[in-house]
Amino acid sequence: MARTMKFFLTTAIDFVNSRPHLGTAYEKITADVIARYRRLAGFDTHFLMGNDEHSQNVFRKAIEQGKDPLAYCDEMEQVFRDVWRRLDLSFDDFIRTTDQKRHKPAVQAMAQACLDNGDVYEGSYEGFYCVGCEAFKQEKDLVEGNCPIHNTKPQWIREKNWFFRLSKYQQPLLKHYEQHPTFIQPDIRRNEILRLVEGGLEDISMSRAGQSWGISVPFDPSSVVYVWFDALINYAAAVGYGWDDALFKKWWPANLHIVGKDITRFHCVIWPAMLMSAKVELPGQVFGHGWVYFKGERMSKTMGNIVDPLDAADRFGPDPLRLYLAKEIPYGGDGDFTWERFEEKYNADLANNLGNLVNRVASMTERYQGGRVAATGGGALAAIAAHSVAAYRTAMDVHALHDGAAAAFRLVSAANNYIAETQPWALAKDPSKAGQLNGALADTAEAVRIAAVLLSPIMPASSAEILRRLGDDRAQRDRRLDADTAWRTSGEKQILNTGALWPRIEADKGVVSVSDETPKAPEAPAAPAAPAVITIDDFMKAHLKVARILEAEKVPKSQRLLKLKVDAGEAEPRTILAGIAESYEPEALIGKSVVIVANLAPRKMMGQESNGMVLAASPEGGAAIVLNAEPATPGTRVR
RNA sequence: GCCGGAGUAGCUCAGCCGGUUAGAGCACGCGUCUCAUAAGCGCGGGGUCGGCAGUUCGAGUCUGCCCUCCGGCACCA
């Protein structure tokens, strides 16, 4: 046996300003499947997860709730860990970016290394700064030199900033992509990144001045490391970078970073550049997975349609959900979750096929042979098993989880077939065919055993239970893909007949049935609070009023902008640019009365100035719906 | 607007470098066994392979144009 290979994989660390939902759970579950597969395949595996805490949003969220930021993060860690536990995730390590012992020294070490190698320089961000807004203003946004919101003259200030020389790494990155074709996967993401980098890279700010929530820049204690720079380093920090060389040497480089497709650019461009700068080896692969939609709609933290992953996991255990996510969604692409489909797959794959198979084998073995079977040669079924195992490995080696799962289920089907062909119940009636009877049952049981081993990364608890019933109650860590998927031609099994693993979901019985109409219970107590409370005075700062649309036309070259001329009861019609071109034809809007924000700072977009904003309901990923103010007359105050 | 991806049976999808009657799973219908969770097994449905035009002896499979959908970029205060 060759020396043990290591496999270090990570998932994105999560912001803790809201609890995990199906979208984040999807990433962790699929990563967990991969981690478990690698362990099964004999790799010395290290699976890292964690939380990203140095975000201003997290800081704000904590303050809103009147909590100390760190205490808030502590609480959220428990919320996250609780969800992950219920999904049966087998992470080996969990890192937080507020970790003082591991993360802080790593971040500081890498910042220092980048500085030492000449890739960090002091620059300044300068511009008009409005004290009232606590923000820099673009010159184009100023009205007669004043901040349009506060009507005061902004100051010209320079904020010291540290920049990372990303531009220097354009060619090295392109070269790396070329030499390592699978560095970015799937190919769609790779193409995107290639084009992005080919288009040129700009240096980026890697520090923020005047903030306290973050890790201080080692060579400039008055600044903190910018959150993205901070966050990426978690992968190296967790395994010793900057604080334990031996540990780092053991695990680095990471073999696989699993991230959402929205942040592949950070992981495929900035992160490798940082590592090159710090003279650290690059990870083997970044895999950008897709989204899981819910009934075709994008999952989002702010949406009400959150399917708490625990809904499915709590009702049926984590495995049916895990199987659904791994098997029904080609890994790398987007997928959809609906309760109908979940139910359908649950009944077909688990109740009817696998569960029922386990049941009938156990039942017949018990009835005909007192629960015992003696292994035989196998024959046709053994050959099918071998094919399934091979297909499964091929798929799983390249993270084609859906194909891997399908391969395992082909073996399950073959076993069901085999029973129909051999008809053990008929053989049982003829004492002279006892040998054939045993052979049929033993072969079927052996096929089930192998299928369970294949499925163990996807459905760990269920597979363990099946294997236990088949007389293998070893710990999962003691199983190995090679040895345990080989057809056994000798030995006896004592099979337990202990009832259904997955009772069918019968919609019309209404007992365990679920449906899309299942009302969402209010979020659990740990749910984050509502947005910050404001006073009536705060609200009144916004001057909302009714305006009638006089003209509407598309803004050239813009995908979502419409240019509107509206009568807001003022002397002159005003021009407003609204991002609703995807939902409305210009003509359809003329004559409509809508609600606008009248005192919003003017702003230029696509070369044209907008004076105000049209209020619209804006579903995540959906079509905007402008608020209908008819029949109120233009100029009427809205409050 | 620019750049990518996709459009194959009701649903979810396979279909390398072009080649016999276009496939799988699920759902559905019929038949059938009875060990089993009214599960299993067998059979079936005849889908213009988004549209048009080309290349070719021959095209879901190549080329061009068009339509639709989805992503990325600009833009969405």
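Residues numbered from 1 in each chain as written. Chains lettered and ligands numbered in written order. Predicted model: local features only at pLDDT ≥ 70, side-chain atom pairs only at ≥ 80, totals over all residues. Heavy atoms only, no water.

Undergrad: I'd like to hear about the packing of helix 17 (residues 434–455) against helix 18 (residues 460–469), residue by residue, with values.
TA: Relative orientation of the contacting elements helix 17 and helix 18 amounts to 155°, with a least axis distance of 8 Å. With respect to their mutual orientation, helix 17 and helix 18 come out roughly antiparallel. Of the two possible hands of crossing, helix 17 and helix 18 adopt the one that is left-handed. For the pair helix 17 and helix 18, the contacting residues are Val448, Arg449, Ala452, Val453 and Leu455 in the first and Ser463, Ile466 and Leu467 in the second. (Axes fitted to C-alpha atoms, helices over the stretch in contact; angles between N-to-C directions. Helix = DSSP H or I, 4+ residues; strand = E, 2+ residues; numbered from the N terminus. Parallel < 35°, antiparallel > 145°, perpendicular 65-115°, else oblique. Left-handed = near helix turned anticlockwise from the far one by under 90°. Contact = heavy atoms within 4.5 Å.)

Undergrad: Tell me what's going on with the nonpolar core, and back it up with residues and numbers.
TA: Counting 98 residues, the largest nonpolar core has Trp84 and Leu354 as the members making the most contacts within it. Sort the elements by how many residues they give to this core and helix 17 lands first, with 13 residues. What Trp84 contacts, discounting residues up to four positions off in sequence, is Asp14, Pro20, Thr24, Ala25, Lys28, Met49, Leu89, Phe91 and Phe94. Counting residues in each nonpolar core, the second largest holds 54 residues, with Ala106, Val107, Ala273 and Ala278 among its members. (Core = buried A, V, L, I, M, F, W, Y, C linked by side-chain atoms within 4.5 Å. Buried < 20%, exposed > 50% of the residue type's maximum accessible area, 1.4 Å probe, protein only.)

Undergrad: Which residues make up the protein's contact with RNA strand B, and what values do they have?
TA: Residues in close proximity to RNA strand B total 40 residues, the closest being Arg195, Asn356, Arg360, Gly579 and Met605. Counting only atoms of RNA strand B within 4 Å of the protein, the sugar-phosphate share comes to 66%. Between a base oxygen of RNA strand B and a main-chain N or O atom of Leu501, the distance comes to 3.4 Å. The contact in question runs from a sugar or linking oxygen of RNA strand B to an N or O atom on the backbone of Gly579, over 3.3 Å. Per-class residue counts for the surface near RNA strand B are 16 nonpolar, eleven polar and 13 charged. (Near = heavy atom within 4 Å. Polar contact = N/O pair within 3.5 Å; in protein donor to acceptor, adjacent residues only side chain to side chain. Nonpolar A, V, L, I, M, F, W, Y, C, P; charged D, E, K, R; others polar.)

Undergrad: Pulling in residues and values, what's your account of the confidence of the model for chain A?
TA: Of all residues in chain A, 86% attain a pLDDT of 70 or more, and the chain-wide mean is 84. Across chain A, element-level confidence peaks in helix 9 (residues 245–251) with a mean pLDDT of 97 and bottoms out in strand 6 (residues 135–137) with 57. Note on residues 300–305: pLDDT under 50 across the span, and 14 contacts to partners over four residues away in sequence or across chains. Here residues 508–532 is a poorly scored stretch, pLDDT under 50, and it has 39 contacts once near neighbours within four places are set aside; other chains count. Per the prediction output, this complex has pTM 0.83; the corresponding ipTM is 0.91. (pLDDT = per-residue confidence, 0-100.)

Undergrad: So what's going on with the side chain of Thr10? Residues and values would help.
TA: Structurally, the position occupied by Thr10 is in strand 1 (residues 6–11). Within the structure, the side chain of Thr10 is placed 2.7 Å from the side chain of His257, a separation counted as a polar contact. Dropping the residues within four chain positions of it, Thr10 is found in contact with Leu48, Tyr235, Leu256, His257 and Ile258.

Undergrad: Talk me through the packing of helix 6 (residues 187–198) against helix 10 (residues 264–277); I want residue IDs and the actual numbers.
TA: In helix packing, the relevant descriptors are the interaxial angle and the interaxial distance, both defined with respect to the helix axes. Viewed as axis vectors pointing N to C, helix 6 and helix 10 meet at an angle of 50°, and their least axial separation amounts to 10 Å. As the angle between them shows, helix 6 and helix 10 are arranged oblique. Here the hand of the crossing between helix 6 and helix 10 comes out right-handed. For the pair helix 6 and helix 10, the contacting residues are Arg189, Ile193, Leu196 and Val197 in the first and Thr264, Arg265, Cys268 and Val269 in the second. For the contact of helix 6 with helix 10, the per-class residue count stands at five nonpolar, one polar and two charged.

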